[in-house]
Structure formats: C-alpha cells, structure tokens
Amino acid sequence: MAWSQDEERLLLQIERHLIDEDPRLVARLESFNERVQRKEHGRRRRDAKKEKRLSRRPRRSTIVIMVSWVLIATLIATLLILVLRHEAAALPL
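Worth saying up front: this structure is predicted, and the values here are computed from it rather than measured. (Residues numbered from 1 in each chain as written. Predicted model: local features only at pLDDT ≥ 70, side-chain atom pairs only at ≥ 80, totals over all residues. Heavy atoms only, no water.)

Draft legend 1. Quick look at the overall build of the protein. Within the protein one finds three helices and zero strands. When the elements of the protein are put in sequence order from the N terminus, they spell out α-α-α. Considering the protein as a whole, with its 93 residues, one finds that 1% of them fall into the buried category. Of the roughly 9,600 Å² that the protein leaves accessible, carbon and sulfur atoms contribute 62%. (Helix = DSSP H or I, 4+ residues; strand = E, 2+ residues; numbered from the N terminus. Buried < 20%, exposed > 50% of the residue type's maximum accessible area, 1.4 Å probe, protein only. Areas by Shrake-Rupley, 256 points an atom, 1.4 Å probe, with all protein chains shown as cover.)

Draft legend 2. Summary view of a positive patch on the surface. There is a patch of like positive charges on the surface, built from Lys-39, Arg-45, Arg-46 and Lys-49. Following the sequence through the fold, Lys-39 ends up in helix α2 (residues 23-56). Lys-39 sits in the exposed class, given a relative accessible area of 55%. (Patch = residues over 30% accessible without salt bridge, like charges linked within 9 Å, V, L, I, M, F, W, Y side chains within 5 Å. Salt bridge = Lys/Arg side-chain N within 4 Å of Asp/Glu carboxyl O. Lys, Arg positive; Asp, Glu negative; His and termini not counted. Charge placed at Lys NZ, Arg CZ, Asp CG, Glu CD.)

Draft legend 3. View of a nonpolar patch on the surface. On the surface, a nonpolar cluster with roughly 490 Å² of combined accessible area is contributed by Trp-3, Leu-10, Leu-11, Ile-14 and Leu-18. Tracing the backbone through its elements, the reader meets Trp-3 in the segment before α1 (5-21).

Draft legend 4. Region of interest: the pattern of salt bridges. Under the defined criterion, the tally for this structure stands at two salt bridges. Residues Arg-9 and Asp-6 are paired through a salt bridge, measuring 3.1 Å at the closest nitrogen-oxygen approach. One end of the pair is Arg-9 and the other is Asp-6, both in helix α1 and three residues apart, which spans about a single turn. Residue classification places Arg-9 among the partly exposed positions, given a relative accessible area of 46%. Arg-43 is the partner of Glu-40 in a salt bridge, and the nearest nitrogen-oxygen pair spans 2.7 Å. One end of the pair, Glu-40, and the other, Arg-43, are both in helix α2, three residues apart, so they sit about a helical turn from each other. The partly exposed category is assigned to Glu-40, whose relative accessible area is 32%. Judged by relative accessible area, which is 31%, Arg-43 ranks as partly exposed.

Draft legend 5. Fine view of the confidence of the model for the protein. Mean pLDDT for the protein: 84, with 87% of residues reaching 70 or above. Here α2 stands out as the element of the protein with the lowest mean pLDDT, 81, in contrast to helix α3 (residues 60-90), whose mean of 89 is the highest. (pLDDT = per-residue confidence, 0-100.)

Quick look at the structure:
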C-alpha cells in the first residue's frame with residue numbers, strides 16, 4: 001500500500017524531530033539495523049550453500065528406488081537362470 005504525500009511528509013518531520021531530539025536513539029537504531037542486515041545476509045548465504053550442497057547429491061528416495069530396481073533385476077536374472085538350467089536338465093539328449 002502506497003503512502004500519500006501528506007503521510008510521507010509527516011513521517012519525515014517525525015524522523016527529523018527524533019534525530020534532533022535523541023541522537024543516541026538514532027545510533028542505536030542504526031546499529032540494530034546493521035546487525036539485522038548482517039544476520040539476514042549471513043542467513044541467505046548459508047541457505048544458498050545448503051541449497052547448492054543438496055542439489056549436487058541425489059535424494060534418499062532416489063537412492064532407495066535405484067537399489068530396489070537393481071535388486072529386482074538381480075532376482076529376475078537369477079530366476080531366469082534357474083528356470084533355464086532346470087529346463088535344460090529336464091530335456092532328454
């Protein structure tokens with residue numbers, strides 16, 4: 001929501017008045033704002049690093065699915081070998 005010109009002018013007057021009246025309050029607020037900005041910057045940088053690490057490696061669910069497919073393929077191959085050996089043994093020569 002945009003501020004009207006009257007509201008902006010009034011806020012600037014309040015700000016000037018506070019700056020003139022209490023310079024210590026202004027220094028505290030500036031210090032607080034700087035700390036918040038540093039904290040936010042650090043958090044964004046930490047989140048970006050975490051996101052970069054996670055994007056490089058496969059998820060746990062992907063690994064589980066891949067292992068499952070390998071096991072299924074191994075079982076099918078083993079069953080085929082057993083069936084073919086059994087049929088070959090059953091055939092009269």
